[in-house]
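Examination of the molecular architecture
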Amino acid sequence: MSDHVVLHVKGRVLVGPDDVRDELWAVDGRITYDRPRAEALTVEGWALPGLVDAHCHVGLDHHGAVDETTSEKQALTDRDAGTLLIRDAGSPSDTRWIDDREDLPKIIRAGRHIARTRRYIRNYAHEIEPGDLVAYVAQEARRGDGWVKLVGDWIDRDAGDLTACWPRGEVAAAIAEAHRLGARVTAHCFAEVALRDLVEAGIDCIEHATGLTEDTIPLFAERGVAIVPTLVNIATFPDLAAGAEAKFPDWSAHMRRLYERRYDTVRAAYDAGIPVFVGTDAGGSLAHGLVAAEVAELVKAGIPPLQALSATAWGARQWLGRPVLEEGAPADLVVYDTDPRADVRALAAPRRVILNGRVVG
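1. Description of the pattern of salt bridges
Inspection of every chain in the model, using the stated rule, returns 24 salt bridges. With a shortest N-O distance of 3.6 Å, E23 and R35 are connected by a salt bridge. Of this pair, E23 sits in strand 2 (residues 20-27) while R35 sits in the loop between strand 3 (30-32) and strand 4 (41-49), placing them 12 residues apart in sequence. Residue class for E23 comes out partly exposed when judged on its relative accessible area of 24%. In this structure, E245 and R256 form a salt bridge, with 2.7 Å as the shortest nitrogen-oxygen distance. With a gap of 11 residues between them, E245 in the loop between helix 7 (237-244) and helix 8 (249-260) and R256 in helix 8 connect regions that are remote in the sequence.

Listed below in structure tokens is the structure:
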């Protein structure tokens, strides 16, 4: 990691989609547009705010919680891909130690997943019954950084398909409690069945949202409920379906249908005015460092490139209440050789990664 106190970034600084400046400086880890007198290390190229992965799991793999060494490797992989702000959408690990590391991405935690008993991946979640939902949401609201994560649907082995996990009344009371405590609530949802109840109960965001239809898209748009599609994760649905075909044929067929219409679903949501943000779902079965691939997937779905870029940059940071490249903000930015607005594939090859005013990659 560079020891330079003053950094000079010059070329094209993308302060906003249409706000392009020639240069900025990082002094003591903060951005300034006033030239300092001190000698500076110069970095040239196209600069963006540090990218956002709004659905990522640090401290988690497909078995459950991981040790600090593994968590560090996960965070470093994301950082080196340009992801400098993570909304951690559920983890059983305590990763607060990362907050003391100036060379690792900043994390906004949603606490630990809250799931129905035996209705989620083993070792991931608090597994509870509806009568305990309000209490657990309050607990995770206090532990997190302004977010709580529910598991809204999952396979019901008796039904052989995806079903909703929570009764309407209990989930409404739990969301109201989270809001009272100043936290927003999001939920994992693959299917159609739970969406209306969750949105009408006041939820703030839905993860994956593959079950959106022409019936629920207007409701999401009216309520301003965001989605994080995680298309790089949805790409795994055919393999999941094939593996469960013999035991759960209805679930497998349902997962294939959700996969086949995934791009149409995301484009319809965007066209309706639903806020769409970038998330990879890294840390369960998916590798870290996939933020560029997810942006490319949003473009493939039909979201205009500039809006797909905003979904991991300016717009995503505004949604999460974090600064971009304004005066006095933390100097967290990524520098590229070419204009990522012209071709989002540029995100796959950061030239320099700058975190807290220091070159770290």
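And the narrative resumes.
2. Here we look at the packing of helix 7 against helix 8
Between two packed helices, the angle of one axis relative to the other and the distance separating the axes together describe the packing. For the pair helix 7 and helix 8, the least separation of the axes is 8 Å and the interaxial angle reads 165°. Between helix 7 and helix 8, the angle falls in the class roughly antiparallel. Viewed along their axes, helix 7 and helix 8 form a crossing whose handedness is left-handed. The residues of helix 8 that touch helix 7, namely those facing F237, P238, L240, A241, A242 and A244, are P249, W251, S252, M255, R256, L258 and Y259. Of the residues assigned to the contact of helix 7 with helix 8, the class counts are 11 nonpolar, 1 polar and 1 charged.

3. Quick notes on the pairing of strand 2
Sheet topology note: the strand 1 (residues 6-14)/strand 2 ladder contains 7 bridges and is antiparallel. Counterpart to L14 in the pairing with strand 2 is V20. The loop that links strand 1 with its antiparallel partner strand 2 comprises 5 residues. Adjacent in sequence and paired antiparallel, strand 2 and strand 3 are bridged by 2 residues, among which D28 carries a positive phi angle near 55°.

4. As for the nonpolar core
By size, the foremost hydrophobic cluster in this structure holds 81 residues, and its most contacted members are L48, L133, L150, I203, I206, F220 and L298. Here the element with the most residues in this core is helix 10 (residues 291-301); it accounts for 5 residues. Beyond its immediate stretch of four places on either side in the chain, I203 contacts I175, V185, T186, A187, L198 and V225. Counting residues in each nonpolar core, the second largest holds 17 residues, with V9, Y33, V43 and A329 among its members.

5. Overview of the packing of aromatic side chains
What characterises a pair of aromatic rings is the spacing of the ring centres plus the angle enclosed by the ring planes. Applying the stated rule across the entire model yields 6 aromatic pairs. With centroids separated by 4.2 Å and ring planes inclined at 10°, the aromatic side chains of F277 and W319 adopt a geometry described as stacked. Linking F277 in the loop between helix 9 (262-271) and helix 10 with W319 in helix 12 (residues 314-319), this pair joins segments that are 42 residues apart in sequence. In this structure, F277 and W319 share a single accessibility class: buried. The structure contains a cluster of three or more aromatic residues connected by ring pairs, namely Y120, Y124, W154, F190 and F237. Over the ring of Y33 we find R21; its NZ or CZ atom is 4.4 Å from the centre of that ring. Over the ring of Y259 we find R262, and its NZ or CZ is 3.9 Å from the ring centre.

6. Let's talk about the side chain of D88
The residue D88 is located in strand 8 (residues 83-88) in this model. Although D88 is buried, it makes no salt bridge; R109 carries the closest opposite charge, 5.9 Å away. Within polar-contact distance, the side chain of D88 engages the backbone nitrogen of V58 at 3.0 Å. Those residues within four positions of D88 in sequence are excluded, and the remaining contacts are C56, H57, V58, I107, I108, R109 and A110.

7. Some words on the sheet that holds strand 5 (residues 51-56)
In space, the 3 strands of this open sheet follow the order 5-8-9, with parallel pairing throughout. In the strand order of this sheet, the two ends are held by strand 5 and strand 9 (106-109), each with one partner. The average angle at which neighbouring strand axes cross in this sheet is 20°, direction not considered.

8. Considering the packing of helix 2 (residues 133-143) against helix 3 (residues 168-180)
Where helix 2 contacts helix 3, the axes come no closer than 8 Å and their chain directions differ by 25°. With respect to helix 3, the axis of helix 2 lies roughly parallel. Taken as a pair, helix 2 and helix 3 cross one another with a handedness that is right-handed. Here L133, V134, V137, A138 and R142 of helix 2 come into contact with helix 3, specifically with E170, V171, A173, A174, E177, A178 and R180.

Reading the values: rules and limits
- Residues numbered from 1 in each chain as written.
- Predicted model: local features only at pLDDT ≥ 70, side-chain atom pairs only at ≥ 80, totals over all residues.
- Heavy atoms only, no water.
- Salt bridge = Lys/Arg side-chain N within 4 Å of Asp/Glu carboxyl O.
- Helix = DSSP H or I, 4+ residues; strand = E, 2+ residues; numbered from the N terminus.
- Buried < 20%, exposed > 50% of the residue type's maximum accessible area, 1.4 Å probe, protein only.
- Axes fitted to C-alpha atoms, helices over the stretch in contact; angles between N-to-C directions.
- Parallel < 35°, antiparallel > 145°, perpendicular 65-115°, else oblique.
- Left-handed = near helix turned anticlockwise from the far one by under 90°.
- Contact = heavy atoms within 4.5 Å.
- Nonpolar A, V, L, I, M, F, W, Y, C, P; charged D, E, K, R; others polar.
- Pairing = 2+ DSSP bridges.
- Core = buried A, V, L, I, M, F, W, Y, C linked by side-chain atoms within 4.5 Å.
- Phe/Tyr/Trp six-rings, centres within 6.5 Å; stacked < 30°, edge-to-face > 60°.
- Lys NZ or Arg CZ within 6 Å of the ring centre and 35° of its normal.
- Lys, Arg positive; Asp, Glu negative; His and termini not counted.
- Polar contact = N/O pair within 3.5 Å; in protein donor to acceptor, adjacent residues only side chain to side chain.

Function cannot be inferred from these measures alone, as they are strictly geometric.
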